[in-house]
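Read off the chains here:
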Amino acid sequence: MPHNRAMALEFNSAVKQIPVYPAAAGYAQSGPLVRLASNESPYPPLAAVVAAASAALEGVNRYPDPTSARLRGALADRYGVPAERIAVGNGSCDILLAMGEALLEPGAELVYAWPSFSVYPQLEAASGARGIRVALDAHECHDLDAMASEITVATRLVIVCNPNNPTSTAIGLEQIAAFVARVPASVCVLIDEAYCEFNLLDDPDASIALLDRHPNLALLRTFSKIYGLCGLRVGYALCGSRDLPDALNAVRQPFFLNTAAQAAALEALAHQDEVARRVERVAVARVQMHDGLTELGLRPAASQANFCWFALGEGRDEAEIVDGLASQGVLVRAGSALGREGALRVSYGTPTENERFLEVLAGLL
Ligand SMILES: Cc1ncc(COP(=O)(O)O)c(C=O)c1O
């Protein structure tokens with residue numbers, strides 16, 4: 001066949017359906033930016049964590065341990081969940097996408113709230129399953145009754161993001177427990193707990209007890225937020241049965257978690273005193289941001305996360321404000337990129353960064 005330059009590649013039809021992840025801008029910018037756009041930790045990793053990752057680099061002529069045995073063992077010890085019921089991944093996004101692949105297919109259904117984490121729509125688009133988005137309630141919280149009523153015989157996966165990204169709100173464990181009890185045992189319930197350590201409504205680890213009662217439950221967590229290791233990509237899922245980790249491993253490439261990431265996460269886990277310090281700093285930032293925004297006449301949602309969410313109010317142009325902040329070196333996320341126009345999601349930075357954000361915002365309003 002003659003070579004035809006104009007002939008286009010033919011892709012899997014799912015590719016066109018997959019939404020582009022709304023990544024934050026500004027990665028290429030240098031200079032003194034206030035980066036409040038990606039719910040990152042403003043604090044650098046501990047020296048011991050950097051040292052562990054650096055030491056691991058000495059051995060990268062070998063493949064990483066494909067079972068991440070030491071990391072999964074440490075997670076098992078910390079949470080009292082057997083290692084065979086713990087899946088790790090190249091960020092918790094890796095686990096999310098593998099869940100889509102392992103559980104969904106055309107004809108199947110996925111239920112999640114909206115607005116919620118921007119990766120969830122990718123699961124239905126990639127698999128050809130039907131996604132059912134359930135609106136948040138008037139307080140920007142998950143409406144669990146409405147979500148339960150969307151479950152049908154076709155449902156394979158229900159996702160509850162607690163605390164919810166982008167709205168920062170959380171629901172109490174009692175409500176979560178009652179919801180999980182209502183879901184048929186053949187339907188996987190994923191509680192995405194990426195921000196659970198910042199949630200002061202309940203003990204962040206209290207949800208783990210539910211795993212013993214519900215083999216269909218999984219709790220998704222990450223080293224990206226509280227541990228501040230998002231640049232290395234490590235997430236994990238604590239699961240109610242070993243079937244889910246086995247299925248996730250079946251659909252993924254063999255060496256999905258690199259050597260440096262495994263070593264850094266293992267070391268970070270040993271520094272729970274630092275975790276406690278960071279939780280405290282976030283609680284202080286929450287008050288600083290809440291008070292500052294309230295003084296500007298805004299009404300942020302009740303945050304249990306390391307970020308806040310608020311409507312800008314009638315007559316204010318979201319893009320103008322986001323651009324105005326960026327032009328003065330403050331990066332935040334526009335609600336329209338996250339499922340709701342006219343709102344902003346702003347991560348908590350250091351006290352100085354938060355002050356700078358509030359000052360620039362005040363000038364723009
Ligand atoms: C709710 C939620 N889940 C999961 C993730 C994924 O995090 P990672 O892949 O870095 O673990 C994020 C990241 O922002 C998130 O907000």
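Within every chain, residues take consecutive numbers counted from 1 along the sequence as written. Where local features are concerned, this predicted model is filtered to residues with pLDDT of at least 70; where side-chain atom pairs are given and counted, the filter is 80 or more; whole-chain, interface and lining totals use all residues. Heavy atoms throughout the structure, all of them, feed into the side-chain values; hydrogens and water do not.

## A short note on helix α11 (residues 272–295)
Reasoning step 1: Look at α11: 35 Å from first C-alpha to last across 24 residues, which is about the 34 Å you get at 1.5 Å a residue.
Reasoning step 2: Among all positions in α11, only E274, V275, R278, V279, V282, A285, R286, M289, G292 and L293 are buried.
Reasoning step 3: We call two residues in contact when some of their heavy atoms are within 4.5 Å. Working definition: helices are DSSP H or I runs of at least four residues, strands are E runs of at least two. Numbering for both runs from the N terminus. Of the surrounding elements, those touching the buried residues of α11 are β9 (307–311), β12 (343–347) and α13 (351–364). The span expected for a helix works out to 1.5 Å for each residue beyond the first. Relative accessible area decides the class of each residue, using a 1.4 Å probe on protein chains only: under 20% of the type maximum gives buried, over 50% gives exposed, and in between gives partly exposed.

## Quick look at the side chain of S116
Reasoning step 1: Residue placement: S116 occurs in the loop between β3 (109–114) and α5 (120–127).
Reasoning step 2: Classification of S116 as buried rests on a relative accessible area of 2%.
Reasoning step 3: In the analysis that follows, any N or O atom pair within 3.5 Å is treated as a polar contact, provided that within protein one partner can donate a hydrogen and the other can accept it, and provided that, for residues neighboring in sequence, both atoms belong to side chains. Engagement of the side chain of S116 in a polar contact is seen with the side chain of N164, the distance being 2.6 Å.
Reasoning step 4: In contact with S116, other than residues within four places in its own chain, are H142, C161, N164, N165, P166 and L338.

## Things to note about the nonpolar core
Reasoning step 1: The criterion is simple. A nonpolar core is a set of buried Ala, Val, Leu, Ile, Met, Phe, Trp, Tyr and Cys residues joined through side-chain atoms within 4.5 Å. Counting 81 residues, the largest nonpolar core has F223, F310 and F357 as its most contacted members.
Reasoning step 2: Residue ranges for the domains originate in an automatic or database domain assignment. If you count residues domain by domain, this core takes at least three from each of domain 1 (22–45 + 273–364) and domain 2 (47–269).
Reasoning step 3: When residues no more than four places from it in sequence are discounted, the contact partners of F310 are L293, L298, R299, P300, G342, A343, L344, V346, F357 and L361.
Reasoning step 4: If you look at the next biggest cluster of nonpolar residues, it comprises 27 residues, including I159, C188, L190 and L220.

## A word on the packing of helix α3 (residues 69–79) against helix α10 (residues 259–269)
Reasoning step 1: For the pair α3 and α10, interaxial distance at closest approach is 9 Å and the crossing angle is 20°. Between α3 and α10, the angle falls in the class roughly parallel. The chirality of how α3 crosses α10 is left-handed. Contacts from R70, L71, A74, L75 and R78 of α3 reach α10 at A265, L266 and L269.
Reasoning step 2: Gly is placed with the polar residues, together with every amino acid not listed as nonpolar (Ala, Val, Leu, Ile, Met, Phe, Trp, Tyr, Cys and Pro) or charged (Asp, Glu, Lys and Arg). A class-by-class count of the residues in the contact of α3 with α10 yields 6 nonpolar, no polar and 2 charged. To get an axis, fit a line to the C-alpha atoms, keeping to the stretch in contact for a helix; angles then go from 0 to 180 degrees between the N-to-C directions. Any angle from 65 to 115 degrees is called roughly perpendicular, while one under 35 is roughly parallel, one over 145 is roughly antiparallel, and all others are oblique. Crossings are classed by handedness, with left-handed meaning an anticlockwise turn of the near helix from the far one by less than a right angle and right-handed meaning a clockwise turn.

## Here's the deal with the domain arrangement of the protein chain
Reasoning step 1: Split by domain assignment, the protein chain resolves into domain 1 (22–45 + 273–364) and domain 2 (47–269).
Reasoning step 2: Every contact between the two is made by 25 residues of domain 1 and, on the other side, 29 residues of domain 2.
Reasoning step 3: Accessible area, probed at 1.4 Å, shrinks when two parts are joined; the buried area is that loss added up over both. Interface area for domain 1 against domain 2, summed over the two sides, is near 2,100 Å², with a carbon-plus-sulfur share of 61%.
Reasoning step 4: Between Lys or Arg on one side and Asp or Glu on the other, a salt bridge is scored when a side-chain nitrogen of the former is within 4 Å of a carboxyl oxygen of the latter. The interface formed by domain 1 and domain 2 includes 1 salt bridge.
Reasoning step 5: Across the pair E140 and R340 runs a salt bridge, and its minimum N-O distance is 2.9 Å.
Reasoning step 6: Counting the contacts that link domain 1 with domain 2 gives 12 residue pairs in polar contact (both at pLDDT 80 or more).

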